[in-house]
Structure formats: C-alpha cells, structure tokens
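Take a look at the letters that make up each chain.
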Amino acid sequence: MTILVTGGLGYIGSHTVVELLQNNFQVIIVDDMSNSEKFILDNIEKIGGKRPVFFPFDLRRKELLSQVFDAYEIDGCIHFAAYKAVGESQEKPLDYYENNLFSLINVLQEFKARNISNFIFSSSCTVYGQADKQPIDENTLLKMPESSYGKTKQMGEEILKDYAIAYQKKVSLLRYFNPIGSHPTALLGELPIGVPNNLVPYVTQTASGIREKLSIWGNDYETPDGTAVRDYIYVVDLAKAHVKALQKLMNEKSETLIDVYNLGTGKGSSVLEVVEAFETANEVKVPYQICERRAGDITIAYANPDKAERELGWKADTSLEEALRTTWEWQKYLQTKN
Ligand SMILES: NC(=O)c1ccc[n+]([C@@H]2O[C@H](COP(=O)([O-])OP(=O)(O)OC[C@H]3O[C@@H](n4cnc5c(N)ncnc54)[C@H](O)[C@@H]3O)[C@@H](O)[C@H]2O)c1
C-alpha cells in the first residue's frame, strides 16, 4: 500500500512515516520545508531502514501535486501539512486560511478525481474550545475556536465531512491533544524554528539556556495548582495511532464513512507538573516566572480516549517523564549537530 504523507518531514509527520515504514507501507512525502529540514529525511531513513520518496513542493501548486498522482498509485493519505502557530495565525489569518484550506482541498480534488479513499486529517482538540465538561469525548459540542489556526481545523473537518458524504469516501479525523517528546533514537523531534508556542519546547530551551526563563501564563486558573491543565501525549504513541486509523479505514469490513477520534492519554497535567516532571526526568533546573494569563488560553482540556482504544485497539502508554526524557535527548542531539 502506498501512502501519501503531506508534511511528512514535520514533527508528527516524520514520526508517523517511521511507523508506516516499519509496518511495510510505501511512503511518498510532499513537504515544502516551510517548517522542516532535509536532514529529517536522512534520519527517517536511518530509523525506518528505507528512504521514502520525497517531493519538496508546496501543496498549493496543484500541477505538481497532480504529477505525483500521475506517477504513483496512491492508496491513502495522511494529511499533516499545515501552518500550526496559534499566535502567528492571529497576525496572518489569510496565510493560515490559504495554506491550511487550499492544501487540503487540492489533495481532496486529486482523491476525488482518481477515486481514492482513505484520508486521515490532523485535527486538534482546539475544535472543542473550552469544553463544558472534562474529560472531552468525541460527542462534546464543538465551539468556535478563538484563533484562526483553530478555525482552519474546524473548517477542515467540515470540508472533509461534506466530501466524505458527497463522494462516499472514507475519512478519519484525528483530534490530537498536546503532542510532546521525540523519537527514542533522538534522531527526530520538534524543530526549534522561531519562538516556541508550546510549553514543552519552551521548557527544553529554557533548561538548555537558550531562553532565560520559562514564562508561565497565569497561576490563578481554577485548577489544583492554579496553572492550566492539558493532556500531553507522547509523539510516538500518537504516530502509532495513525497506522491503526489507516488500517481501520483500509479494512474492507469497516463501513463507517467518517471516523472521529480523540488522541490523548486521558490524564490532565498542569504546567507546574510538567516543569517538575521535566526536572525530575532529566535532573536539570527550569527557571520560571509567573506572568499574566495569555489571551485565548483555556483553563483545562484532557481527552476521553476510550473510543480510540475500543475501535482502534490503541492506547497511549508512555509516561510524561519518559516523553520528557526523550525531549531532552533530542535537544542535546540538536546542540551537537549545530
Ligand atoms: N504539534 C501540535 O501541537 C499539534 C496539535 C494538534 C494538531 N496538530 C496538527 O498536526 C499537523 C502536524 O503538526 P506538526 O506539529 O508536525 O507540525 P510541523 O510544522 O512540524 O509539520 C507540518 C509540516 O508541513 C509542511 N507544510 C506546511 N505547509 C505546507 C504546504 N503548503 N505544502 C507542503 N508542505 C507544507 C511543513 O514544512 C512541515 O514540515 C498539523 O496539521 C497541525 O496543525 C499539531
């Protein structure tokens, strides 16, 4: 089976490509390297034992995309490619709508034209906004996200639902909670391009001295220690879920057109708990300061991942400490590399 992985040199994409290779899928990557680097491809090959076919272009270039479909018989797609920085999306909403939605639509046009099924979409727990109750299951009401980034995820889901019904194609919407960690080989991880938006890259860069102090945005939330609570899922566990979701889509016996899964651990951790776990796992200090709440941040979000366990036979089982240990190994690898 040949799978197109868009954004396959990115953080989650690269880990997923390795899992696909290890499960004997052929992989074709399209990535314009707007948020990735070529050495990731070499490292994928080192771990996965095979070099995926790689096309470095922007998915908005429809004619190039069409040529890939002409040249290869593609059986499915995992669509990671998107811009993902929440803050930046507020400053450049049009760039986010254009990239995230046109890239998606262009791939779907090819799928429709060539009658291909099996499409997996990287969605996010941001589609739930601040949910009324925790943990969040797949039936929780969707609320309009505050950021343009979050809106592109919600719109992407709507586009895919209409597409699946109109053309009778199978799709899977995977709503990730907060991916963290790096590959156990320390050869893949989240690249530190720009100022990190997410907590864990910020913690790592602070521990290594790149940043002076970690800013904790608010300690007056209604949570046990006052800091915001999220569900941190290890990226390799997350990558494995994609293989399971793909296998379910490709299973002839599976009749559902639209699968939706929350991918999280089911456990919420506060910012302070993450900092503490990082310090314990890696025996390093993370200096921090408490700042005012940041606009748009929600108080608490953690998944009910039971549906994924029931239907995909998948469960995130790596501990927070172990995930944070791999993050630190990746940081050390990046420092020796540069
Ligand atoms: N990392 C998270 O916290 C998180 C959480 C929820 C959902 N997601 C979603 O998961 C997906 C992957 O996230 P990630 O963290 O791996 O991001 P990433 O930025 O590391 O990976 C995305 C990849 O897509 C590529 N890309 C972007 N636009 C492209 C285009 N038009 N054509 C070709 N390539 C393009 C980038 O170069 C990058 O390699 C994204 O859709 C993101 O929105 C991420």
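Residues numbered from 1 in each chain as written. Predicted model: local features only at pLDDT ≥ 70, side-chain atom pairs only at ≥ 80, totals over all residues. Heavy atoms only, no water.

**Digging into the UniProt feature "domain: NAD(P)-binding" (unreviewed entry) in the protein**
What counts, and what does not: UniProt positions are given in the numbering used here, feature names are shortened, and annotations may be inferred rather than shown by experiment. Think of it this way: any DSSP run of H or I at least four residues long counts as a helix, any run of E at least two long counts as a strand, and we number them from the N terminus.
Cross-referencing UniProt, the feature "domain: NAD(P)-binding" (unreviewed entry) maps to residues 4–326 in the present numbering. As annotated, residues 4–326 comprises 40% helix and 16% strand, and the C-alpha atoms at either end are separated by 27 Å.

**Some details on the pairing of strand E11 (residues 258–263)**
This is how it is decided: Summary of the burial criterion: residues with accessible area below 20% of their type's maximum are buried, those above 50% are exposed, and those between are partly exposed, where the area comes from a 1.4 Å probe applied to protein chains only. DSSP calls a pair of strands paired once it identifies at least 2 bridges connecting them.
The buried fraction of E11 amounts to 5 of the 6 residues, a majority that puts the element mostly inside the structure. Bridge analysis of strand E6 (residues 171–176) against E11 gives 6 bridges, and the strand direction is parallel. Along E11, the bridge assignment pairs Val171 with Ile258.

**Side note on the sheet that holds strand E1 (residues 2–6)**
Test applied: Fitted lines through C-alpha atoms serve as axes, helices being fitted only where they are in contact, and the angles separating the N-to-C directions of these axes extend from 0 to 180 degrees. Only heavy atoms enter the contact rule, under which two residues are in contact if any of them lie within 4.5 Å.
Here we have 7 strands laid out as an open sheet, ordered E3-E2-E1-E4-E5-E6-E11, and parallel in their pairing. Edge strands, defined here as strands with exactly one partner in the open sheet, are strand E3 (53–55) and E11. Each adjacent strand pair in this sheet contributes to an overall mean axis angle of 20°, direction not counted. Alignment of strand E2 (residues 26–30) against E3, held across 3 bridges, turns out to be parallel. Pairing of Val30 across the sheet is with Phe55, part of E3. Helix H8 (residues 235–250) contacts E1, strand E4 (76–79), strand E5 (119–124), E6 and E11 of the sheet and is inclined by roughly 160° relative to E6.

**Regarding the site of the ligand**
Quick reminder of the rule: Residues are labelled near a given molecule or strand when at least one of their non-hydrogen atoms is within 4 Å of it. Polar contact criterion, stated in full: a pair of N or O atoms within 3.5 Å, where within protein one must be able to donate a hydrogen and the other to accept it, and residues adjacent in sequence count only if both atoms are side-chain atoms. The Shrake-Rupley method, run with a 1.4 Å probe sphere, supplies the accessible areas, and residue values consider only the shown protein chains as cover.
Close contacts around the ligand come from 29 residues, with Asp31, Asn35, Lys84, Asn99 and Tyr149 the closest. Ser34 has a polar backbone atom sitting 3.1 Å from an oxygen atom of the ligand. Ser103 places a side-chain nitrogen or oxygen 3.3 Å from a nitrogen atom of the ligand. Isolated, the ligand exposes 820 Å² of accessible area, and the fraction of that covered by the protein chains is 97%. Of all the secondary-structure elements, those providing two or more residues to the shell around the ligand are helix H1 (11–22), helix H5 (93–113), E5 and helix H6 (148–167).

**Some words on the pairing of E1**
Of all 5 residues in E1, 5 are buried; the element is thus mostly enclosed. Going residue by residue along E1, you find Thr2, Leu4 and Thr6 tucked away on one face and Ile3 and Val5 tucked away on the opposite face as well. Across 5 bridges, E1 lies against E2 in parallel orientation. Following the sheet pairing, Thr6 is matched in E2 by Val30.

**Brief notes about the nonpolar core**
For the record, the criterion: By convention a nonpolar core is built from buried Ala, Val, Leu, Ile, Met, Phe, Trp, Tyr and Cys residues, the set being connected through side-chain atoms within 4.5 Å.
Among the nonpolar cores identified, the biggest contains 66 residues, and Leu20, Ile44 and Leu263 are the most heavily contacted of them. In terms of residues, this core owes the most to one element, H8, which gives 9 residues. For Leu263, the contacting residues outside a window of four places in its chain are Leu174, Arg175, Tyr176, Phe177, Ile233, Leu238, Ala241, Ala308 and Trp314. Core analysis: the second largest hydrophobic core is formed by 24 residues, Cys77, Leu104, Phe111 and Ala164 among them.

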